[in-house]
Every structure is written in structure tokens, then in C-alpha cells.
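Spelled out, the chains give:
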Amino acid sequence: MNNPPPHTAELLGTVISAPFPPSTTTFSFVVNNPMVRKHQFVKVEGEDGVIFGVVIEIERMNRYFEHAESIAEYEKVSPLENSFPVDRWECVVGRVTVLGTFSDGLIRRNIFPAKPGAKVAISDPGMLTEFLGFDETGLNVGTLLAHDLPVKLNLSRVFQKHLAILAMSGAGKSYLTSVLIEEILERKPEHGRIALVLIDLHGEYKGLANSYRDNVLYIDARKIRVSLRKIKPTMLYEWMPNLNGGQKRELEIILKELKEQMKASQQAEGLDKLIEILADKMSQKGSKAKTYDVLYSHFKELSYYKLVDKSDSPPVIDIVKPGVLTIIDLSNIDSYMRKQMLVSYLSHKLFALRKKKKIPPAALIIEEAHNFAREKAKREIAIAKHMIETIAREGRKFGLSLCLITQRPMNLSTTALSQCSTNIILRVTNPNDLYHIKDSCEGIDEKSLGAITTLRVGEALVVGEATNYPIFLKVRKRKSHALKESPSLESMAKEFETSDKKETDELTEAFL
Ligand SMILES: Nc1ncnc2c1ncn2[C@@H]1O[C@H](COP(=O)(O)OP(=O)(O)O)[C@@H](O)[C@H]1O
Ligand SMILES: [Mg+2]
């Protein structure tokens, strides 16, 4: 008897020349190992080196069942398997997309097809790690689907040119984000640690503060104050998008005068002082009374948001630190405008401070990013959009990255999304969102797009800069457990009934 071929466990099958002959971009193989899986990376020895590919489909074939009329005719008498050895003619065929050739430690474009008869094997972990561009000290986000290989993404490749996390609601975006955060918080300084600032709309990341006490700063956004002395007119124009040229000019003059006054008196002033000045100017009923009137109304409205004050609190420069996550919890703020202004302020501040290298390289993570950088948004509600797009375009030069998370990719600014060179996509089923993803993500093909609709919670496709080829992965279990889970409808209903009963009991008692 012949000796078994080496590495039998890894062997999956043999390259065939039908129904389509192997080409430089694709080949099929007949499967003789049940370990074959869709999305599995495989290798074949070629003339120029090792041909690398990925299984894109697995199909079952049987010649006995190719002709409908014959089968129908035969089966009028008895099932086909009673008369023919149909089982012996069944085979499984794997279809592979060729990704490249690996020779002398280099990955090249494949120039010669796989040879019919060549043996197909599962890629070994070492080669796969190198081929996909994983990094031993990278961010361990999970395991490669169809392989038991940790996915360790290089920090710079993920964050330097911005990251988008896209999926429908409930697919695991926030879960994956907390896994990414954990990886950054646990990094050693010698591997390079960035600072993280997270816009948390629903207060669902508070739990990370319990697990990583020393590396998490939790800030209730209601307490954030912006110093009037340091406020830039450009930011105010974004907050008040309807101001016309004359109003803007007047605002600059008044603001400049007030800032000079503050400097001279060495005394900080808040918004009330500015409103007082405007009221005074209005009462003089001069030619610019209308302008002052408009400015007065705008600043009066701004004062309701309690955002502008005598000094910055907390100063952004103090809350952005390497290896530290700063959670900006917006969940207690109801006003849409106030949330927009806060995100606009933080983006402006991070950009300016990072440009002057006063803070470490940082990533601004924005949950529900479509709310802050909305495609086709009216000017009045697109307050934070301009600065987010600016960071998307210019941030990477200064080491300021964006991580945009959304369940509405279609509504997210195309300018911002197209600058995200890595996309992590979890389950998406809405066809419009799928088309938008296809348009905005380079390197996503029809097959991968189809696979996105079948992903399960916690499974994701990584496309772009972070890996050499698109990969599917299963997000690892997170280490921190206290993310706020939304209560089930049953538990809310039960809670309501018991609290209602208590109240009735109390009322009855009081009556008696
Ligand atoms: N990788 C995962 N492993 C285990 N459970 C997960 C995973 N991803 C998500 N989940 C669970 O699925 C639910 C929805 O996840 P979540 O991250 O909140 O979704 P999204 O932010 O996309 O709406 C949560 O209960 C979460 O615990
Ligand atoms: Mg979420």
C-alpha cells in the first residue's frame, strides 16, 4: 500500500478542469475532506510558488441527476437509487478565487493557473498570518471564520486612515467597538498606544469604566462647558448656520472687543455678559439694531444649552491621554442641538490640539455617526458635519483618526465614509444600505456583499487597509461585561405591573 501523502489532515482535495478550467483568478477542486468550509483560505503548489486562494462556494454534483426528463421518466417506475449506484457518483466541488502567489516571502499577482490534479490544502497559520498581514502585537478582535486563527490587526492599518463599522441594528457594532477599545486599553506603551474619545449616545459603554478603572475617564456630557474666551467665531458659525455676512462680521467685532476686555481686566466672562452687551446695543436703536436683534436671539438660545461659560470644563487637553478611553456620555441630554454642538466642539478641539501636538495621537469614536455627519442634512442640523468631514480628510496627517459607527450607512456623509479606508461590516440586509456599502468600499465584490446578508450576530467582514485581503471573522468575547443591555419587553412589562400594584397598595393604605 502507498504511504499516505504528507499532512493528510490539511488536504482538502484535487484541482479539476471542469466545469471551468483553472485560470489565473479562479479554480475548482473536488473535495475529499469534510473540513472544507466557505471563506477558508487554501493553497496549491504552483510553478511560480504557492498559489493562495479562498473558497467562495461549495457545491454538490451528481451526473445521475443532470437531466430532468430522464430522472422523471425513470422515477415513474422506482427511485433512481434503486436502479443505479447514484451515491458513488456524488461529489463535492469547492470553487476558489485566487488571491495571489507566495514565493520567496513575497506576495505577487498570480500569473499562472493552478494545475489540474494539484493537491489543495488548508493554508497553514504561519503563512496565513503573513499573507493576510496580521501583526503579532496587533488588535486581537476575534478568529478567522473557517480557521482557528486569531485575527490580530495592525493598529496603524486600522486607525490611521479612519475606520467605519457598519451594520444593521443588533448585529454587534457596539460589542465589536468595546472589543477594539479593550485591545487598545490593554496595549503596552512600547507597542504604541493611542488615546480614545468615545461619543456614547446611549450610555452603553459605562461598564468599561468598571473593568478598566485606571484607563477610563467617564464624563457626563451635561457637565461640559466651553470657555467664551477661547471660542472661535468659525465654530459659532457652525452652531448658528443661518447668520448672514453682516451678522457674522458684527459678531466677530463684539467677540473681539469682549475678549480684549477680559484680557485687560483679567476676568473671565460668560455668555450672560455677551447677551448683556447685545441687549445694550439693541436698545440704542441704531442702524444695526436688526443685526443685534438676530444675534441676541441666537445667543439667548445658546444660553439655554448651558454649554458656553467662563472657562473650559473639563479642558479637553486634560482628558485625552495615551491608552486611556474618555467616554463622553450624551445619554442624559435630550436636545438634539446640544448634542450636535458638543460633538462639533470636541471635534474642533481635538483637531486643533492634535495639530499643535498638545495631545497624543487619538481616535474619535462616534456611535450613530449618521446623526452627526448626515448625508444631505439641512444646514441647521448639520452642525458637527463640517468638522467630522475635515477630520476625515485631513486628520490622518496629524494622527487624529475617526471610527464612525452606524446602522444607516446610506445616511452617513459620503465624504466621511469614503475616507474610511477600513470597513468592518457586520450583518446588513437592507438592499439600499448594501448598494451604498458596495459603492463606498473599495475591494468589496458581489460574493462578499451577498455573504453580508447571511452573517450571524458577531460575525464580520473586514475590507480595506487593515488586511491584505478581505476576511470574515467571528468577533471574540469581550472581557468587560457591564455594557448596558436593553431590558426585554417582558421584563419592562413585569416591572410596570409590579410597580403599578405597589402604588395602588400605597394609595389604598393611605385612604384607609
Ligand atoms: N461577538 C458577540 N458575541 C456575543 N454576543 C454578541 C456579540 N456581538 C453582539 N452580541 C450581542 O448581540 C446584541 C446586540 O449587540 P450590539 O453590539 O448592541 O448591536 P448593535 O450595536 O449593532 O446594535 C447584544 O446583546 C450583544 O451582547
Ligand atoms: Mg449599538
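Fair warning: this is a prediction, and the values are worked out from it, not measured in the lab. (Residues numbered from 1 in each chain as written. Chains lettered and ligands numbered in written order. Predicted model: local features only at pLDDT ≥ 70, side-chain atom pairs only at ≥ 80, totals over all residues. Heavy atoms only, no water.)

## Overview of the pairing of strand β2 (residues 26-31)
Thinking step 1. Here four bridges tie strand β1 (residues 11-16) to β2, and the two strands are oriented antiparallel to one another. Across the sheet, Ile16 pairs through a bridge with Ser28, a residue of β2. (Pairing = 2+ DSSP bridges. Helix = DSSP H or I, 4+ residues; strand = E, 2+ residues; numbered from the N terminus.)

## Some words on empty space enclosed by the protein
Thinking step 1. Per the stated rule, a full pass over the model turns up two cavities of 30 Å³ or more.
Thinking step 2. Taken as a whole, the largest cavity encloses approximately 40 Å³ of empty space.
Thinking step 3. Lining of the largest cavity is provided by Gly46, Glu47, Asp48, Gly49, Ile51, Thr101, Asn110, Phe112 and Pro113.
Thinking step 4. In terms of residue class, the lining of the largest cavity is built from three nonpolar, four polar and two charged.
Thinking step 5. Lining the second largest cavity are Ile219, Ile224, Pro314, Val316, Ile319, Ile328, Tyr345 and Leu346. (1 Å grid on protein atoms, 1.4 Å probe; cavity = no way out; pocket = protein on both sides within 12 Å on 5 of 7 lines; lining within 4 Å. Points joined across faces, edges and corners; volume = space filled by probe spheres on them. Nonpolar A, V, L, I, M, F, W, Y, C, P; charged D, E, K, R; others polar.)

## Focus: the domain arrangement of the chain
Thinking step 1. Split into domains, the chain comes out as domain 1 (8-132), domain 2 (139-223 + 314-475) and domain 3 (227-309).
Thinking step 2. Measuring from the centre of the C-alpha atoms in domain 1 to the corresponding centre in domain 3 gives 71 Å. (Domains from an automatic or database assignment.)

## Regarding helix α13 (residues 385-398)
Thinking step 1. The end-to-end C-alpha distance of α13, which contains 14 residues, comes to 19 Å, matching closely the 20 Å that a straight helix rising 1.5 Å per residue would cover.
Thinking step 2. The sharpest bend along α13 reaches about 50° and sits at Ala392.
Thinking step 3. The elements touched by buried residues of α13 are α7 (233-239), α12 (336-355), β16 (362-366), β17 (400-406) and α14 (414-418).
Thinking step 4. Following α13 by one or two positions, Gly399 adopts a phi angle in the positive range, close to 80°. (Expected span 1.5 Å × (residues − 1). Bend = angle between axes of the 7 residues up to and from the residue. Contact = heavy atoms within 4.5 Å.)

## Side note on the packing of aromatic side chains
Thinking step 1. What the rule picks out here adds up to seven aromatic pairs.
Thinking step 2. Ring centres of Phe102 and Phe131 lie 6.2 Å apart, and the angle between their planes is 80°; on these two criteria the pair is classed as edge-to-face. Residue Phe102 is found in strand β5 (residues 90-103), and its partner Phe131 is found in helix α3 (residues 125-132); the two are separated by 29 residues along the sequence. Both residues of the pair, Phe102 and Phe131, belong to the buried class.
Thinking step 3. A network of ring pairs unites the aromatic residues Phe52, Phe102, Phe131 and Tyr469 as a single cluster. (Phe/Tyr/Trp six-rings, centres within 6.5 Å; stacked < 30°, edge-to-face > 60°. Buried < 20%, exposed > 50% of the residue type's maximum accessible area, 1.4 Å probe, protein only.)

## Thoughts on the packing of helix α8 (residues 245-265) against helix α9 (residues 271-283)
Thinking step 1. Interaxial distance between α8 and α9 falls to 11 Å at its minimum, and their mutual angle equals 125°. Taken together, the axes of α8 and α9 are oblique relative to one another. Pair α8 / α9 crosses with right-handed handedness. Packed against α8, whose contacting residues are Ile254, Leu255, Glu257, Leu258 and Gln261, the element α9 presents Lys273, Leu274, Ile277, Leu278 and Lys281 at the interface.
Thinking step 2. For the contact of α8 with α9, the per-class residue count stands at six nonpolar, one polar and three charged. (Axes fitted to C-alpha atoms, helices over the stretch in contact; angles between N-to-C directions. Parallel < 35°, antiparallel > 145°, perpendicular 65-115°, else oblique. Left-handed = near helix turned anticlockwise from the far one by under 90°.)

## Quick notes on the environment of Asn371
Thinking step 1. Locating Asn371 in the fold gives a position in the loop between β16 and α13.
Thinking step 2. For Asn371, a relative accessible area of 16% corresponds to the buried category.
Thinking step 3. Along the chain, Asn371 and Lys385 lie 14 residues apart, while their C-alpha atoms are 9.0 Å from each other.

## Describing the packing of α12 against α13
Thinking step 1. The interhelical angle for the contact between α12 and α13, taken along N-to-C directions, is 20°, at an axis separation of 11 Å. One finds that α12 runs roughly parallel with respect to α13. Viewed along their axes, α12 and α13 form a crossing whose handedness is left-handed. Mapping the contact onto sequence places Val343, Ser344, Ser347, His348, Phe351, Arg354 and Lys355 in α12 and Met387, Ile388, Thr390, Ile391, Glu394, Gly395 and Phe398 in α13.
Thinking step 2. Residues of the contact of α12 with α13, tallied by class, amount to six nonpolar, five polar and three charged.

## A word on the side chain of Glu367
Thinking step 1. Its location among the elements puts Glu367 in the loop between β16 and α13.
Thinking step 2. For the buried Glu367, no salt bridge exists, and the shortest N-O distance to an oppositely charged side chain is 6.4 Å, to Lys173.
Thinking step 3. Among all residues touching Glu367, those that are not within four sequence positions of it are Ser174, Ile199, Leu201, Glu204, Tyr205, Phe372 and Ile405. (Lys, Arg positive; Asp, Glu negative; His and termini not counted. Salt bridge = Lys/Arg side-chain N within 4 Å of Asp/Glu carboxyl O.)

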